[in-house]
Each structure stands twice: as structure tokens, then as C-alpha cells.
Amino acid sequence: MSATIRHLWTPLSTTPLLWLVVTLAAYAGGRWMQRACGGSPFASPVLIAILIVGTIMVSTGTSYDTYFAGAQFIHFLLGPVTVALAVPLAENFALVRRHISSIGLALLAGSLTSVISGVGIVWLLGGSRSVALSMAPKAVTTPIAMAVSHQIGGVPALTASLAILGGILAAIIGRHMLARFQIDDWRAHGLAAGVAGSGIAAAQVAAIDEIGAAFAALGIGLNGLLTALLVPLLAALWR
Amino acid sequence: MPSAMLILVGCQLVGELLRNAFQFPIPGPVIGMFLLAVILGIRANRTGNDRAPPLLKPTAEGLIANMGLLFVPAGVGIVAEAGVIRREWLPIVVAVAGSTILSLLVTALVMHWTLRTPHTSSPDHQGDAS
């Protein structure tokens, strides 16, 4: 029996097609599980898919290079999706014009807080430089976060995981925490979710309030641009 | 769909070329996003319509709606980083939680305060000595 499986597995395991199918199936499974959990942010399809694929890789002794030979076709689309973020950003330009000073100040303050506190806490607790650099861009939308991390010498895979974890945390606690500080304006909720928790937190706000959704989209796009400008400069100073 | 992909990948290519030519420290796709946003902004200004062209919009929104899938290949690379995470789990966990909470709060508070502050330049009757 196991000989038959090995017979089938050995030639399959090296074709790129197998790992493309595994990745798509794991993500579809993650989506299904999130729906089954009533859309809970805990059941992130990305995290579930990473766990499933990771488990299959480790248990079959597959190297990351072999896996990536198949998965690179999906990975390649990170570039075009980053460019595509211009569409929601441009559609909300009118909102930026109307609240330019509020948005500008809040964005700058929130973005700097995220980068400096992330790097600072890692440094204070004795973490390594590469972990600190991977932490710096983690608040922005994952494709931009990974590109910036790669640029400054962080570990893009670590940054991707941190971005997802931060997004889940922001989605879970954001609304209640801000309500406790008497913040009831959805423009503030939306922008904060977009700046601090990118797509995952933004989706949570977008499901509740339409204005919040527009400001969350703005927060994601503008913080992506600002962080991509700011973090490489700050990283160049910190040598 | 082909023309939308052409626009997206074209902007990315121009972004990469600009990055290489001027040694920008910014990722090529981000430069591409900025270019496309500027082009769409100019177009919206000229036509008076904020909506993105129907040629581009469905593909862009479809990609964004399934963005999570695109992180999986890179995210799986975390398996190779398991050693780092085991060694430095404390700074990693505290920094993710701490900086996410601080950034949420600071962004929302600044937004909240600045939106509530009335514009002093507006011709209200606050200065009247009546």
C-alpha cells in the first residue's frame, strides 16, 4: 500500500502543479472554515492556509524551494495587486480633499507610532535586528509590507505573518477599545483600522459602516505609500 | 481582463524601471500604484467622475478581494523561520500587540480630535461681542 503511494507521490511531488493545487485548495479550505465560523477574524483563511501547507510540507519533507517552484505563479500576482490598490485609493480622493489636514495628521502620527513602537519594543526586549526590521512595515497591507521588508533587509515571510497577526488583533479589539475612549466617529474608526490593521481590520469595519469602509480603504492606501517612503529612509539612518 | 492586466503589470514595470533608474528605495509595485493613482486622479478631474474605468475596475477589485491567497506562498516561508520565532517569541509577540494597539489608538484619537476642532477660519459668529 505505502509502496503504491510512494510510487504515485515521488514523481508528483516535484511538479510545480501539485503545489499550486495544494496552495489553492488550502486557501479554499480556509475560506470555507471562516464562513463556517460566521466570518470570525480569528479564522483567517490566510493563516489556516499557511498552517495546512506548512504541515503538508514538513510531513512530506518537501523543501521550500520545491514548494515555491509551484507557488510562484500565485506569488507573482502580489505586484499587480499592489498596483490595483490605486483603484480604491483614487475613488476616495474626494474624501481626502475634504478632510486633508485631519487625515494627514492622523496618518502621519499613526504610521510613525506603528513603526517606532514596533522596532522599539523588539529592540528593548533584546530581539535581533532582522526581526526589528521585519516588524517595521508590518502595519501596512501585506504585499507592500513584504516588499518594504525585502528592501530594508528584513525577512518578508516573517513580515507577512506579523502583518496578518497584527491585522487579526486590530480586527478583534479595535472597535471596543476605541469605544472605550469615547471615539464614536466612523471616519476615525475606519482610518485607524486601515492604518494599524490594513485589510483584515478594514474588512471588519467595512462590514459595519460604509463611511468607515471608505476611510479604511484610504488608510490602507495612504499608509502603504507613506510607509514605503518613510521606512527605507528610517532604516538607512539606523545603521 | 487582458487590458486591465496590461494596465496593472505595465504600471508595475514602469515602477520597477523608475526604481532602477533613480535608485529609489521604494518597491517598484508601490511606485506603480502611485503612478496609477495619479493617472486615475487626473482622469477623474477631467471627466468629473470619481469611479475607475469599467475596463480596470472589475479585475482590480477581483484581485483585491482575493488578496489573501497571494500571501500564502510567501507566508509558508515562515516554516523556514521557525527557529527565529522560537528564539525571539517574546519581543515578536509584545511588539506586534503593543505597536498595533498604540497605532490604532493614536490614529483614531488624532482623527477624532482634529475632526471635532471647529475650523477657526470659517466665518462663524464666535468672535461677536454680543
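Residues numbered from 1 in each chain as written. Chains lettered and ligands numbered in written order. Predicted model: local features only at pLDDT ≥ 70, side-chain atom pairs only at ≥ 80, totals over all residues. Heavy atoms only, no water.

J.: Mind showing me how you'd approach the domain arrangement of chain A here?
T.: How big an interface is tends to be stated in terms of accessible area lost as the parts join. Residue and element names in this part refer to chain A. Taken domain by domain, chain A consists of domain 1 (2-76) and domain 2 (83-237). Between the C-alpha centres of domain 1 and domain 2 the distance comes to 28 Å. Listed as interface residues are seven residues of domain 1 and, on the opposing side, seven residues of domain 2. Carbon and sulfur atoms make up 85% of the surface buried where domain 1 meets domain 2, a total of about 590 Å² over both sides. Its largest share of buried area at the contact with domain 2, domain 1 owes to Pro41, Phe42 and Leu47, together 68% of the area lost on that side. Scanning the region where domain 1 abuts domain 2 turns up zero salt bridges. Across the domain 1-domain 2 interface, the total number found is zero residue pairs in polar contact (both at pLDDT 80 or more). The element that contributes the greatest number of residues to the side of domain 1 that touches domain 2 is helix H3 (residues 45-60), accounting for three residues. In terms of residue class, the side of domain 1 that touches domain 2 is made up of five nonpolar, two polar and no charged. (Domains from an automatic or database assignment. Contact = heavy atoms within 4.5 Å. Buried area = accessible area lost by both parts, 1.4 Å probe. Salt bridge = Lys/Arg side-chain N within 4 Å of Asp/Glu carboxyl O. Polar contact = N/O pair within 3.5 Å; in protein donor to acceptor, adjacent residues only side chain to side chain. Helix = DSSP H or I, 4+ residues; strand = E, 2+ residues; numbered from the N terminus. Nonpolar A, V, L, I, M, F, W, Y, C, P; charged D, E, K, R; others polar.)

J.: Would you take a moment to explain the domain arrangement of chain B for this structure?
T.: Domain annotation of chain B identifies domain 1 (1-65) and domain 2 (73-117). Once you take the C-alpha centre of each, domain 1 of chain B and domain 2 of chain B turn out to be 28 Å apart.

J.: Sorry if this is basic, but what is going on with a nonpolar patch on the surface here?
T.: Judged by side-chain polarity, A:Trp123, A:Leu124, A:Leu125, A:Trp238, B:Trp89, B:Leu90, B:Val93 and B:Val94 come together as a nonpolar surface patch covering roughly 850 Å² of accessible area. The element best represented in the nonpolar patch is helix H6 (residues 89-116) of chain B, accounting for four residues. By the secondary structure assignment, A:Leu125 is in the loop between helix H8 (100-124) and helix H9 (129-135). (Patch = residues over 30% accessible without salt bridge, like charges linked within 9 Å, V, L, I, M, F, W, Y side chains within 5 Å. Areas by Shrake-Rupley, 256 points an atom, 1.4 Å probe, with all protein chains shown as cover.)

J.: Explanation requested: the interface of chain A and chain B in the structure shown.
T.: Each partner contributes to the interface: chain A provides 93 residues, whereas chain B provides 70 residues. Interface area for chain A against chain B, summed over the two sides, is near 7000 Å², with a carbon-plus-sulfur share of 81%. Of all residues in chain A, A:Val83, A:Val87 and A:Glu91 give up the largest surface area on contact with chain B, accounting jointly for 9% of the area buried on that side. Counting the contacts that link chain A with chain B gives two salt bridges. Where B:Lys57 meets A:Glu91, a salt bridge forms, and the shortest distance between an N and an O atom there is 3.0 Å. For the interface between chain A and chain B, the tally reads eight residue pairs in polar contact (both at pLDDT 80 or more).

J.: Would you mind going over the UniProt feature "transmembrane region" (unreviewed entry) in chain A with me for this structure?
T.: Residues and elements named next belong to chain A. If you check UniProt for "transmembrane region" (unreviewed entry), the listed places come out as residues 12-30, 42-61, 67-90, 102-125, 155-174, 186-207 and 213-238 in our numbering. Helix makes up 80% of residues 42-61 and strand 0%, and the two end C-alpha atoms of the span are 29 Å apart. From the first C-alpha to the last, residues 102-125 spans 34 Å; its make-up is 96% helix and 0% strand. (UniProt positions renumbered as here; feature names shortened; annotations may be inferred.)

J.: Got a minute to help me understand the packing of aromatic side chains in this structure?
T.: When we look at a pair of aromatic rings, we describe it by the centre distance and by the angle of the planes. Residues and elements named next belong to chain A. In this structure the tally under the stated criterion is three aromatic pairs over all chains. Centre to centre, the rings of Trp19 and Tyr67 are 5.8 Å apart; their planes meet at 75°, and the pair counts as edge-to-face. Here the residue Trp19 occupies a position in helix H2 (residues 16-36), and Tyr67 occupies one in helix H4 (residues 64-75), the gap between them amounting to 48 residues. Tyr67 matches Trp19 in its accessibility class, with the two residues each being buried. (Phe/Tyr/Trp six-rings, centres within 6.5 Å; stacked < 30°, edge-to-face > 60°. Buried < 20%, exposed > 50% of the residue type's maximum accessible area, 1.4 Å probe, protein only.)

J.: How do you make sense of the packing of H2(A) against H4(A) when you look at a structure like this?
T.: Packed helices, taken two at a time, are described by their axes: the angle between them and the distance between them. Residues and elements named next belong to chain A. Close contact between H2 and H4 brings their axes to 7 Å; oriented N to C, the two are set at 60°. Crossing handedness for the pair H2 and H4: right-handed. Along its contact with H2, which presents Pro16, Trp19, Leu20, Thr23 and Leu24, the element H4 presents Thr66, Tyr67, Ala69, Gly70, Ala71, Phe73 and Ile74. Tallied by class, the residues present in the contact of H2 with H4 amount to nine nonpolar, three polar and no charged. (Axes fitted to C-alpha atoms, helices over the stretch in contact; angles between N-to-C directions. Left-handed = near helix turned anticlockwise from the far one by under 90°.)

J.: What should I look at first to understand the nonpolar core in this one?
T.: By size, the foremost hydrophobic cluster in this structure holds 105 residues, and its most contacted members are A:Leu218 and B:Val72. Ranked by residue count, the leading element in this core is helix H13 (residues 210-237) of chain A, at ten residues. Those residues within four positions of A:Leu218 in sequence are excluded, and the remaining contacts are A:Leu89, A:Asn92, A:Leu95, A:Val96, A:Ile103, A:Leu191 and A:Asn223. (Core = buried A, V, L, I, M, F, W, Y, C linked by side-chain atoms within 4.5 Å.)

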